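The primary structure of each chain is shown beneath.
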Amino acid sequence: MSDEQTGGKSHMSDAAITIEGLRKTYRGGKGQPEKQALKGIDLTIPRGSVFGLLGPNGAGKSTMINILAGLVVKSAGHVSIWGFDQDKHPRQSRAAIGVMPQELNLDPFFTPRGALEVQAGLYGVPKAQRRSDEILELVGLSDKAEAYARTLSGGMRRRLLLAKALVHHPKILVLDEPTAGVDIELRQMLWTNVHKLNDQGMTIILTTHYLEEAQEMCDEIAIINHGQKIAQDSTANLLSRMDSRTMVIVPDSPIVDLPTTDGVEAALRDDGSLELNYRSAQTTAEQVLEAVRAANIRIRDVRTEEADLEDVFLALTAARADDPPADDHDQPRRGMHRVKL
Ligand SMILES: Nc1ncnc2c1ncn2[C@@H]1O[C@H](COP(=O)(O)OP(=O)(O)OP(=O)(O)O)[C@@H](O)[C@H]1O
Ligand SMILES: [Mg+2]
């Protein structure tokens, strides 16, 4: 790849997307104050990954994605898509990316096949290279190919938006909340296609509020909050940052005395089981069990609960609770005092 294509940053050429100092300030209309939706984000997304962009409502995820898609004009910063600087090479950078937006913005007078043809035309895909029927098949819309968009259900509209994002064979597919409010079948279809396209080499970027989904699907995750990136790491590393563990003991007979041992916090649950919270870096499971035996509790059953992405997410977004509340989108914050990252 030439220096020109990479905007002078050839060492970045293995990135699908490079974002530097990205800012967006929405002008406030009608007495509304302006809104700093992105406050200087740096982000590198590796090629070939399934990359998750997570953050509470109003964090700035869609703003960022819409800037990548060329739908929102950035206020400052640099964006490079597949090595093409968005400002210097708008056509090439646009051709490298397909975006399925969060909003169901479809022209009601087009049929799915018509919409795909128009989209292919916009991207300059020659007639011979168009694969509208194949794409409709992929998203499960073949039998609706000639139906007007306004007669499609919400789920069908999402399928069509995905199809539209794929017409120009983009290197990068971006999905903004693809599974919000969709049924199980559509969710399955989406994830099957994400796996399939990623296996074929497509880089996938997605936002989701289903953290389980992100945990399962994404190799790497960035968390943004109030327009700032607060974490970026492999999913495995993010999870391993959380060393809080919970052991749950089902006792043989009702518990009278709770174990008291340093580093172990004990509490009775409503169902009579005993919850023991500890940090795996400081206390071993063996020490927890010893504390249980010392309290003369006979164990009928035992299981452990590990931190999941939701815990990581809550800990990270709560860690910024000292930030002044930026807007009315502020997430209710559940205390995660036992976790310090
Ligand atoms: N067109 C706009 N004009 C003014 N403010 C906007 C506009 N679009 C978004 N915002 C504001 O920018 C901030 C970020 O919004 P954005 O839609 O990017 O968040 P998000 O992370 O995608 O949230 P969600 O999870 O709810 O989709 C919010 O405070 C929002 O109110
Ligand atoms: Mg959004």
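Residues numbered from 1 in each chain as written. Chains lettered and ligands numbered in written order. Predicted model: local features only at pLDDT ≥ 70, side-chain atom pairs only at ≥ 80, totals over all residues. Heavy atoms only, no water.

Trainee: Before we go on, may I ask you to explain the overall build of the protein in this structure?
Mentor: If you tally the helices and strands in the protein, you get 10 helices and 14 strands. Across the protein, contacts joining residues at least 24 apart in sequence account for 69% of those joining residues at least 6 apart. Of the accessible surface of the protein, which amounts to about 17500 Å², a share of 47% is contributed by carbon and sulfur atoms. (Helix = DSSP H or I, 4+ residues; strand = E, 2+ residues; numbered from the N terminus. Contact = heavy atoms within 4.5 Å. Areas by Shrake-Rupley, 256 points an atom, 1.4 Å probe, with all protein chains shown as cover.)

Trainee: Is there a simple way to think about the coordination of the magnesium ion (ligand 2) in this case?
Mentor: For a metal bound by four donors in a tetrahedral arrangement, the ideal donor-metal-donor angle is 109.5 degrees, while six donors in an octahedral arrangement ideally sit at 90 or 180 degrees. Distances from the magnesium ion (ligand 2) to its protein donors, Ser62 (OG) and Gln102 (OE1), fall within 2.0 to 2.2 Å. Highlighted residues: Ser62 in helix α1 (residues 61-68) and Gln102 in the loop between β6 (97-100) and α3 (112-122), separated in sequence by 40 residues. With relative accessibility at 33%, the residue Gln102 sits in the partly exposed group. (Donors = N, O, S within 2.8 Å, 3.2 Å for Na, K, Ca; no water. Buried < 20%, exposed > 50% of the residue type's maximum accessible area, 1.4 Å probe, protein only.)

Trainee: I'm lost on a nonpolar patch on the surface in this one. Help?
Mentor: A cluster of nonpolar residues, Phe110, Val118 and Leu122, forms a patch on the protein surface that exposes about 260 Å² of accessible area. Positionally, Val118 belongs in helix α3. (Patch = residues over 30% accessible without salt bridge, like charges linked within 9 Å, V, L, I, M, F, W, Y side chains within 5 Å. Salt bridge = Lys/Arg side-chain N within 4 Å of Asp/Glu carboxyl O.)

Trainee: How do you make sense of helix α9 (residues 285-294) when you look at a structure like this?
Mentor: Three- or four-residue spacings in an α-helix give side chains the same orientation, since the helix completes a turn every 3.6 residues. Those residues of α9 lying buried are Val288, Leu289, Ala291 and Val292. Buried residues along α9 cover an arc of 155° about the axis, so they all sit on one side. Of the residues trailing α9, Asn296 is marked for its positive phi of about 60°. (Arc of directions from axis to C-beta.)

Trainee: When you look at the sheet that holds strand β8 (residues 203-207) in this model, what are you seeing that I'm missing?
Mentor: Neighbouring strands of a sheet are bound in pairs by backbone hydrogen bonds; such pairs are parallel or else antiparallel. If you walk across this open sheet you meet the six strands as β6-β7-β8-β3-β9-β10, and the pairing is mixed. Both outer strands of the open sheet, β6 and β10 (228-234), are each paired with one neighbouring strand and no more. If you compare each strand with its neighbour and ignore which way they point, the axes differ by 15° on average. Alignment of strand β7 (residues 172-176) against β8, held across five bridges, turns out to be parallel. Bridge pairing links Asp176 to Thr207 in β8. Its contacts with the sheet place α1 against β3 (50-54), β6, β7, β8 and β9 (220-225), and it is angled at close to 135° to β3. Its contacts with the sheet put helix α6 (residues 184-199) on β3, β6, β7 and β8, and the angle it makes with β8 is roughly 150°. (Pairing = 2+ DSSP bridges. Axes fitted to C-alpha atoms, helices over the stretch in contact; angles between N-to-C directions.)

Trainee: I would appreciate a short explanation of the side chain of Glu275 in the present structure.
Mentor: On the secondary structure map, Glu275 appears in strand β13 (residues 274-279). One polar contact links Glu275 to Asn277, side chain to side chain, over a distance of 2.9 Å. When near neighbours in sequence (up to four residues on either side) are disregarded, Glu275 contacts Thr246, Met247, Glu265, Ala266, Ala267 and Arg269. (Polar contact = N/O pair within 3.5 Å; in protein donor to acceptor, adjacent residues only side chain to side chain.)

Just geometry here; none of it tells us what the structure is for.
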